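Below are the chains, spelled out letter by letter.
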Amino acid sequence: MCKIKLIDVPSEIGAGTRGSSLGVGAIKTAAENAKNEYFRRFPVQHVEHENDLLFDTELEAATPHAKRIEGVVTQYERTSDVVASALETGHFPIVLTGDHSNAGGTISGLVKAYPEKSLGIIWIDAHADLHTPYTSPSGNIHGMPLAAMLGLNEQGRVGFGLRPNAINEQTQKAWEELKNVGNKMPKVDGKDIVFLGLRDTEEEENFLIEDEGMTVFRVEEARKKGMKNTAKQALRVLKDVDMIHVSFDVDSLDCDVVSHGTGTPVPNGLFIQEVIAFLSVILSEPKVCCFEVTEVNPTLDEKRNAMGEAAFKILYEATRVIEAFQ
Ligand SMILES: [Mn+2]
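Only a predicted model underlies this, so the values are computations on that prediction, with no experimental measurement involved.

What about helix α8 (residues 203-212)?
Along an α-helix, residues three or four apart share an orientation, since each turn contains 3.6 residues. By the burial criterion, the buried members of α8 are Glu204, Glu205, Leu208, Ile209 and Glu212. In an axial view of α8, the angular spread of the buried residues amounts to 135°, which keeps them on one side of the axis. In this structure, the buried side of α8 is in contact with β5 (193-196) and β6 (215-217). Positive backbone phi, at 70°, marks Gly213, one or two positions downstream of α8.

If you want it as structure tokens, here you go:
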């Protein structure tokens, strides 16, 4: 049986809306209110954040197409060190983060610990997070972590030239640094990325999904097939990789049914029990080496702490599967 290590990364400098740094606290509050022992059983290792950069308007203006990107580089370096050392000491890291840009730090830690192993990623999300500074409409880096892991540059790897942003040198340099954290670039092949719950993407991202051969399970399709069958199919897609990372963005959940307590809520998403069913198969696969939960924002929750409670329920059930099988 594995030793689980919880890692808390309350960074929200990659988000466009404030408050996701409070997300891990909202999950802990949900556990305490349910009188659940979870956070007593698994102590949390904290990773220092750079959220004070949010108050530096000059810094934000310096790299408008990738806001606070130098801070994100620092964050990736810190998180990747903690994740890599958790793996090296025989732990299974469960990473709880503020905004989804942090996933790049987690993944950089996996490749830092195991540079020889090929990586597959299961990305449970309403969004593809495949923008680069060259294509991002917002400049918010939580829409870019997968592009960084793919090592994408100008207009993706493709050169189709859809309204590319004019990037200054400072942004360019920091984007290269960000992609190279973990000393391996690219860290993943497009064909080894599987999405679940995707339903709000831009043209540039759709192009990349198609061009790189990524796999997408949309909500209706997965529901029709059944979540466990969908999970088995996802694992078949990743049958040749050496290790698998699972990243769960709570905006994959249906915001009308569950909660709007996340930065970029989208309707017509997954239900809590569907994510639990999907993960019950995925996390029993021995090649899975890390699980991540992100983007809970209690300041946006119209139902008190409903999103924190949903995330905790999923985290709790996911952890039971990890303990049983990893
Ligand atoms: Mn996301």
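This is not the end of the story, as more comes after the structure.
Thoughts on the environment of Leu87
Positionally, Leu87 belongs in helix α4 (residues 69-88). The buried category is assigned to Leu87, whose relative accessible area is 7%. Each C-alpha atom, one on Leu87 and one on Tyr114, is 8.9 Å from the other, the two residues being 27 residues apart in sequence. Beyond its immediate chain neighbours, meaning those up to four positions away, Leu87 contacts Pro93, Gly109, Leu110, Ala113, Tyr114 and Cys289.

Things to note about the pattern of salt bridges
One pass over the structure, following the stated rule, counts 15 salt bridges. With a shortest N-O distance of 3.4 Å, Lys173 and Glu177 are connected by a salt bridge. In this pair, Lys173 and Glu177 both sit in helix α7 (residues 169-180), four residues apart, roughly one turn of the helix.

Here we look at the packing of aromatic side chains
Applying the stated criterion to the full structure yields six aromatic pairs. Geometrically, the ring pair formed by Tyr38 and Phe39 is edge-to-face, given 5.1 Å between the ring centres and 70° between the ring planes. Each of the two residues, Tyr38 as well as Phe39, counts as buried. Of the aromatic side chains, those joined through ring pairs into one cluster are Tyr38, Phe39, Phe42, Phe312 and Tyr316. Seen from the ring of Tyr114, Lys117 lies directly overhead, with NZ or CZ sitting 4.3 Å from the centre. In this structure, Arg223 is placed above the aromatic ring of Phe271, and the distance from its NZ or CZ to the ring centre is 4.2 Å.

Points about the sheet that holds β6
What the eight strands build is an open sheet, ordered β2-β1-β3-β8-β7-β4-β5-β6; its pairing is parallel. The open sheet terminates on both sides in strands that have one partner only, identified here as β2 (44-46) and β6. Taking each pair of neighbouring strands and ignoring which way they run, the sheet shows an average axis angle of 20°. Pairing of strand β3 (residues 91-97) with strand β8 (residues 288-294), which is carried by three bridges, proceeds in the parallel orientation. Bridging from a neighbouring strand, Leu96 pairs with Val293 of β8.

Things to note about the packing of α4 against helix α5 (residues 103-113)
Relative orientation and spacing of two packed helices are given, respectively, by the angle between their axes and the distance between those axes. Packing of α4 against α5 leaves a shortest axis separation of 7 Å and a crossing angle of 45°. Here α4 lies oblique to α5, going by the angle between them. Every pair of crossing elements has a handedness; the one defined by α4 and α5 is right-handed. Residue-level contacts link Tyr76, Glu77, Thr79, Ser80, Asp81, Val83, Ala84, Leu87 and Glu88 of α4 to Gly104, Gly105, Thr106, Ser108, Gly109, Leu110, Lys112 and Ala113 of α5. Residue composition of the contact of α4 with α5, grouped by class: six nonpolar, seven polar and four charged.

Examining the coordination of the manganese ion
For the manganese ion, every protein donor is listed as His100 (ND1), Asp125 (OD), Asp129 (OD) and Asp249 (OD), and the spread of their distances is 2.0 to 2.3 Å. Positions of the donor residues of the manganese ion along the chain correspond to the pattern H-x24-D-x3-D-x119-D. With His100 in the loop between β3 and α5 and Asp129 in the loop between β4 (119-124) and α6 (145-149), the pair connects residues that are 29 residues apart, well separated along the chain. Residue Asp129 is classed as buried on the basis of its relative accessible area, which comes to 6%.

Looking at the confidence of the model for the chain
When pLDDT is averaged across the chain, the result is 95; 97% of the residues are at 70 or more. Mean pLDDT per element in the chain: α8 is the minimum at 91, and strand β7 (residues 243-249) is the maximum at 99.

Overview of the pairing of β3
Counting buried positions along β3 yields seven of seven residues, so the element is predominantly enclosed. The alternating pattern of β3 places His91, Pro93, Val95 and Thr97 and Phe92, Ile94 and Leu96 on opposite faces, both of which are buried. The pairing of strand β1 (residues 3-9) with β3 spans seven bridges and is parallel. Bridge pairing in β3 links Leu6 to Ile94.

Points about the environment of Arg218
Counting through the fold element by element, Arg218 comes out in the loop between β6 and α9 (219-225). By relative accessible area, Arg218 is classed as partly exposed at 40%. Placed 57 residues apart in sequence, Arg218 and Val275 show a C-alpha to C-alpha distance of 13 Å. When neighbours within four sequence positions are excluded, Arg218 is seen to be in contact with Leu198 and Arg199.

About the cut-offs
- Residues numbered from 1 in each chain as written.
- Predicted model: local features only at pLDDT ≥ 70, side-chain atom pairs only at ≥ 80, totals over all residues.
- Heavy atoms only, no water.
- Buried < 20%, exposed > 50% of the residue type's maximum accessible area, 1.4 Å probe, protein only.
- Helix = DSSP H or I, 4+ residues; strand = E, 2+ residues; numbered from the N terminus.
- Arc of directions from axis to C-beta.
- Contact = heavy atoms within 4.5 Å.
- Salt bridge = Lys/Arg side-chain N within 4 Å of Asp/Glu carboxyl O.
- Phe/Tyr/Trp six-rings, centres within 6.5 Å; stacked < 30°, edge-to-face > 60°.
- Lys NZ or Arg CZ within 6 Å of the ring centre and 35° of its normal.
- Pairing = 2+ DSSP bridges.
- Axes fitted to C-alpha atoms, helices over the stretch in contact; angles between N-to-C directions.
- Parallel < 35°, antiparallel > 145°, perpendicular 65-115°, else oblique.
- Left-handed = near helix turned anticlockwise from the far one by under 90°.
- Nonpolar A, V, L, I, M, F, W, Y, C, P; charged D, E, K, R; others polar.
- Donors = N, O, S within 2.8 Å, 3.2 Å for Na, K, Ca; no water.
- pLDDT = per-residue confidence, 0-100.

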